[in-house]
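Secondary and tertiary structure notes
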Amino acid sequence: MTHQILLAGFGGQGILFSGKFLAYDGLIEDRQVSWLPSYGPEMRGGTCNCSVILSDTQIGSPIVSNPDILIAMNLPSLDKFENEAVAGAKIFVDSSLIDRKVAREDVEAYYIPATKMASDEGLSGLANMIMIGYMIRKAGVMPYENVEKVMAKVVPAKKQDKLALNIKAVELGYNFE
Amino acid sequence: MAEKVLMKGNEALAEAAIMAGCRHYFGYPITPQTEIAAYMAKRMPLIGGTFLQAESEIAAINMVYGAAAAGKRAMTSSSSPGIALKSEGISYLAGSDLPALIINVQRGGPGLGGIQPSQSDYFQATKSAGHGDFHLIVLAPASVQEMVDLTFKGFDLADKYRMPAMLLSDGTMGQMMEPVTLDMGKVTEYDKSSWAACGTKCEREHNVVNSLFIQPDELEKYNFERFERYAQIEANEVMYDEYRMDDAEICIVAYGVAARVSQNAIDKARENGIKVGMIRPITLWPFPKAVLNAAADKVKAFISVELSMGQMIEDIELAIRCKKPVLLCNRTGGMIPTTNDVLSKIEEANNIGGDK
């Protein structure tokens with residue numbers, strides 16, 4: 001089983017961190033993992049994306065050109081990557097920031113107002129993890145029971161006060177109807 | 001067995017250098033390798049090592065010369081334009097028979113170029129890393145684990161043969177994270193007392209580290225001796241990896257990130273019944289000539305996949321004595337060939353000979 005995941009949005013939304021979260025789950029589960037950030041000039045205020053591959057077999061290219069899971073956290077990202085997703089891909093859209101629907105009919109689209117939910121719940125800046133929670137529920141990339149264990153690894157020692165908030169954000173996304 | 005950790009290539013490489021006994025790092029920031037310097041800045045003071053951000057790339061390589069001349073394991077890192085600046089110092093290291101490790105996390109060129117991954121410094125690394133008759137040992141990692149293993153190996157080979165070695169990586173390898181084991185085994189210690197300028201304690205003659213030989217016959221003698229050592233390296237230190245070559249009729253040659261993309265394309269082509277495999281050079285110098293030449297008697301075509309306008313392809317043609325056609329599949333300027341780019345080229349190679 002291989003998941004080719006592309007996470008994309010603005011710099012500052014925690015795109016790289018949410019990718020890292022998935023990568024750490026792969027590490028804990030002893031799967032093959034690669035995590036590759038975009039590091040171009042576009043990071044400074046513009047679009048930012050991150051390729052994550054989780055696989056049970058050896059990973060070739062670490063670059064995800066044709067994702068089977070796409071998380072889009074702004075309109076430019078959806079515009080740029082919608083057509084790159086494979087047929088049957090699952091596309092997750094932050095509907096509080098993107099006011100259009102996914103145009104393709106051969107993919108499964110999921111909408112969640114993650115940024116609005118984050119600010120309503122006092123989880124400002126954690127829309128990324130709400131998206132991840134919802135994605136885990138719908139795409140089953142990692143077992144939900146791993147969330148706490150993985151989060152403890154991926155949240156840096158100096159920021160452990162953020163641990164509970166991050167877990168809460170994932171939980172919120174996971175339980176979104 | 002050490003625990004697996006998730007690390008960025010640049011940081012894993014830096015930690016591997018420390019584990020290899022490097023306590024002297026001199027650098028100057030440039031994307032996409034700055035994490036190496038940042039990591040060294042954090043770690044070196046904690047272990048009694050030296051991290052020094054020099055005033056320029058040129059200063060940094062000459063500080064490496066100084067530390068290496070004193071018999072210490074020393075390293076510098078940069079990216080393409082910065083390596084060009086270091087080329088004079090690299091030649092001096094070679095001319096003085098000094099071991100050191102130079103890291104090039106390549107970006108697009110020429111000139112200031114761009115900051116995205118590239119392999120367009122192949123010629124520079126393997127043919128002309130500086131002026132004069134010399135070679136570097138050039139190692140090309142294709143995973144974060146190899147960033148670690150080849151850093152360790154690079155220091156060892158540099159000491160073993162008393163010459164500078166280069167890790168020729170690229171922005172992808174530097175920036176990506178993969179699980180990695182930092183289980184390096186024991187560092188081999190080399191006795192440097194016969195040549196290193198590490199203090200006589202008034203007990204022996206001075207050791208002189210120098211690359212200036214005004215008498216041409218003397219300079220020629222040193223060059224001949226150095227090339228005898230190079231011949232040993234070509235005989236003993238070639239490293240490569242084979243992927244699905246057993247029954248291959250087409251042989252891809254690729255290193256670094258290009259090899260990773262090629263692996264996907266090979267798997268796809270094999271699903272379509274095309275017999276294709278890969279020989280991945282791990283040492284770019286010495287280049288795996290013999291295995292390629294042997295493959296030329298079995299396959300009908302080669303494909304060089306590279307992030308340049310076609311540099312390694314010349315070494316492939318030389319290695320196989322132009323016995324078979326070599327196609328080029330390339331992107332440049334910071335672009336990376338996609339799996340489909342490579343797949344199309346495999347199909348083109350498969351049609352050679354018109355027997356399909």
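Refer to the structure presented above.
Every value quoted in this text rests on a predicted model; they were computed, and no experiment measured them. (Residues numbered from 1 in each chain as written. Chains lettered and ligands numbered in written order. Predicted model: local features only at pLDDT ≥ 70, side-chain atom pairs only at ≥ 80, totals over all residues. Heavy atoms only, no water.)

**So, the overall build of chain B**
Counted only if it meets this: For the purposes of this entry, the term helix denotes a DSSP run of H or I that reaches at least four residues, the term strand denotes a run of E that reaches at least two, and both are numbered from the N terminus. Computation of the radius of gyration draws on C-alpha atoms, with the globule rule given as 2.2 Å multiplied by the number of residues to the power 0.38. Relative accessibility under 20% of the residue-type maximum defines a buried residue, over 50% an exposed one, and the middle range a partly exposed one, all with a 1.4 Å probe and only protein chains included. We call two residues in contact when some of their heavy atoms are within 4.5 Å. The Shrake-Rupley method, run with a 1.4 Å probe, gives the accessible areas here. Residue values count only the displayed protein chains as cover. Positive: Lys, Arg. Negative: Asp, Glu. His and the chain ends are not part of the count. By convention, the charge on Lys lies at NZ, on Arg at CZ, on Asp at CG and on Glu at CD.
Looking only at helices and strands, chain B has twelve helices and 14 strands in total. Against the 2.2 N^0.38 benchmark of 21 Å for 356 residues, chain B shows a C-alpha radius of gyration of 21 Å, consistent with a compact globule. Expressed as lengths along the three principal axes of its C-alpha atoms, the size of chain B is roughly 75 × 50 × 40 Å. Looking at chain B as a whole, 59% of its 356 residues qualify as buried. When contacts within chain B are restricted to residue pairs at least 6 apart in sequence, those whose partners lie at least 24 apart make up 79%. Summed over all atoms, the accessible surface of chain B reaches about 14,400 Å², with 51% contributed by carbon and sulfur. Between the averaged position of the 35 positive side-chain charges in chain B and that of its 44 negative side-chain charges there is a distance of 3 Å.

**Quick look at the sheet that holds strand E7 (residues 164–170) of chain B**
Whenever strands of a sheet pair, they do so through backbone hydrogen bonds, lying parallel or antiparallel. All names here are of chain B. As a reminder of what qualifies: Being paired, for any two strands, means DSSP has found at least two bridges between them. Helix axes are fitted to C-alpha atoms over the stretch in contact, other axes to C-alpha atoms as well, and angles between N-to-C directions run from 0 to 180 degrees.
With mixed pairing, the seven strands of this open sheet are ordered in space as E3-E2-E4-E5-E7-E6-E12. Two strands bound the open sheet, and with one partner strand each, they are strand E3 (50–53) and strand E12 (283–285). With strand direction ignored, the average angle separating the axes of adjacent strands in the sheet is 20°. Of the pairings in the sheet, the one linking strand E6 (residues 137–139) to E12 comprises two bridges and is antiparallel in character. For Val138, the partnering residue across the bridge sits in E12 and is Trp285. Against the sheet, helix H6 (residues 144–161) engages strand E4 (74–78), strand E5 (100–106), E6 and E7, with an angle of about 160° to E7.

**A word on the interface of chain A and chain B**
Frequently, the measure chosen for interface size is the accessible area removed from exposure when the parts meet. Heads up, the condition is: Once two parts are joined, some of their accessible surface, as seen by a 1.4 Å probe, is lost; buried area is that loss totalled over both. Salt bridge, as used here, is a side-chain nitrogen of Lys or Arg placed within 4 Å of a carboxyl oxygen of Asp or Glu.
Taken together, the contact pairs 21 residues of chain A with 23 residues of chain B. The contact between chain A and chain B buries some 1,800 Å² in all, and 62% of this surface belongs to carbon and sulfur atoms. Looking at the side of chain A facing chain B, the largest losses of area belong to A:Leu27, A:Trp35 and A:Tyr39, adding up to 34% of the total buried there. The interface formed by chain A and chain B includes two salt bridges.

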